[in-house]
Amino acid sequence: MVVLADSDTRWKWGVLTARRLAPDAAVDGLLLRGRATPTPRQLAEVGVAVDSLREVTTAEFLRAATAPGAYDMVVLACVGGAVQAMLHGLRRAAADGVASGAAASGGAASEGAAAAGAACGESAAGAAVGSGPDGELSARPVVVTGYVGVVYEKLTDGLLLRHGADLVLANSPFDADRFRAVYEGVGADAGSVAECALPFLEGTAAPAPAETGDGPFTVVFAVQPSVPAGRADRAYLLRRAVQHALRHPEREVLIKLRSKPGEHTTHIEELPYQKLVRKLPGGRDGANGGLPPNCRLVYGHMGEILDRARHTGGLLVTVSSTAALESLHRGVPTAVLTDLGVREALGNHYFTGSGCLASWDELDDGLLPEADEKWVLRQGVRGGDGFAAARDRVTRLVGRAASGGLPPLAPYYTVRTAPGYLPGILRRYGLEQDGSPGARSSTEAADGLGAAGRGAVRRVVREAARGAYRHGVQRVAPLIRKAGEL
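These lines cover the structure that appears in this document, whether it is placed above or below. Because the structure is a prediction, the values reported are computed rather than measured. (Residues numbered from 1 in each chain as written. Predicted model: local features only at pLDDT ≥ 70, side-chain atom pairs only at ≥ 80, totals over all residues. Heavy atoms only, no water.)

1. So, the sheet that holds strand 8 (residues 218-222)
Next, step 1: Taken in spatial order, the 6 strands line up as 10-9-8-11-12-13 in an open sheet, and their pairing is parallel. The sheet is open, and its two borders are formed by strand 10 (295-298) and strand 13 (357-358), each paired with just one other strand.
Next, step 2: The pairing of strand 8 with strand 9 (residues 252-256) spans 5 bridges and is parallel. Bridging from a neighbouring strand, Ala222 pairs with Lys256 of strand 9.
Next, step 3: Strands in contact with helix 8 (residues 231-247) are strand 8, strand 9, strand 10 and strand 12 (334-337); relative to strand 9, the strand with the most contacts, it is inclined by about 160°. (Pairing = 2+ DSSP bridges. Helix = DSSP H or I, 4+ residues; strand = E, 2+ residues; numbered from the N terminus. Contact = heavy atoms within 4.5 Å. Axes fitted to C-alpha atoms, helices over the stretch in contact; angles between N-to-C directions.)

2. Remarks on the pairing of strand 1 (residues 2-5)
Next, step 1: Of the two faces of strand 1, both are covered, the one formed by Val2 and Leu4 as well as the one formed by Val3 and Ala5.
Next, step 2: Across 4 bridges, the pairing between strand 1 and strand 2 (residues 28-32) is parallel. When the bridges of strand 2 are listed, Val2 appears paired with Asp28.
Next, step 3: After leaving strand 1, the chain enters helix 1 (residues 8-21) and then returns to the sheet as strand 2, a path that is right-handed.
Next, step 4: Pairing of strand 1 with strand 4 (residues 73-77), which is carried by 4 bridges, proceeds in the parallel orientation. Residue pairing in the sheet places Leu4 in a bridge with Leu76 of strand 4. (Buried < 20%, exposed > 50% of the residue type's maximum accessible area, 1.4 Å probe, protein only. Right-handed = clockwise from strand over helix to strand, strands pointing away.)

Quick look at the structure:
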């Protein structure tokens, strides 16, 4: 099977999901070229391994994923727009494969290709390839997608962009109900929704009691790239973490960072905490700026850092990071901050009813929140094997693909249902309205993807463009906003 990912966190989710769905299968990794393509350091920090790994364009992915006999399953671990584009691209590639097969056996290839192009404009219920009402079956790979963590914004938009995959994984019973309600509410098929769990929650049984006495009490502050977004709010949270360290010198406060300056994650980080610490008193020199001795910035694998907190009887603090679910899974007391309000824009509204909402003032006074067990179960943090049902469905789908073939992918969005939305998404990923690669991609394919010299030049230009983009996001944009406030 193959995993396509476009950022570090989605890479982690995609590979671990593939391993949980098919534990004994070989896994190839493809990184979709874009602004958030992870660096080697980020890939190493995530700590998941695959049998092969390379960076690809949309056209290169489609060729690799649909090569005859190449893969039984494709995991699309990408942002919603990328998933939608790949679904249309895979659909078209499968239709072209059916048409080619018909031509080779004496069928009317031209008529099959025309039918495939027309089908991309039909509704999801009637989308078809070939002459039959349900479309012609093909031995295409099973397509799986889902979400990397807590879904607290753009629920409808994100779900409809993922519709059309054979399986849309929901990370909890709560999410599964919401996903089906959205699909059914727009008249789309909800049969693809499959309840599972976050793949990095290894086993979902109730955790053992937290340990104590193994080093100083550790407070892990899991920061987020874009929550909160404003400088004042981010500086406030940093000051409160520092004040907590000063008030509790017997504790160790670890500010867990997602990326280093110049790197990008799933979300754009305009105001890195690495820069904000330099604004603290005495913060001009050193990586930890003006932080006290028992408070420091850290990188690394989140699971390992949470295990450290657990072994010291510690605490996780965040605004709305998915790390909160990892922490609850390990039995670590978890605080979801209310200092900036409980608001949809912050994502902490997702945790209402969890028992985890708390302020820095309460944590300063010694509060260790206790999670509501019913809420935790509803969110898929505890329970049985969360992937058993999804694994069974994948096995059956792969068997159908091998024996008789699968029907065409049928996304909700088509050029008929979303003529003002879908074409722009497809263009962004280099595809025509019928899902076929654009002229540039076709030219590269005919030329063997270009000469090695041109490939090297493209890599240099691409890296320069990424650097310019990151500079604009992290340096120029904040200055423009600040000037606008004057």
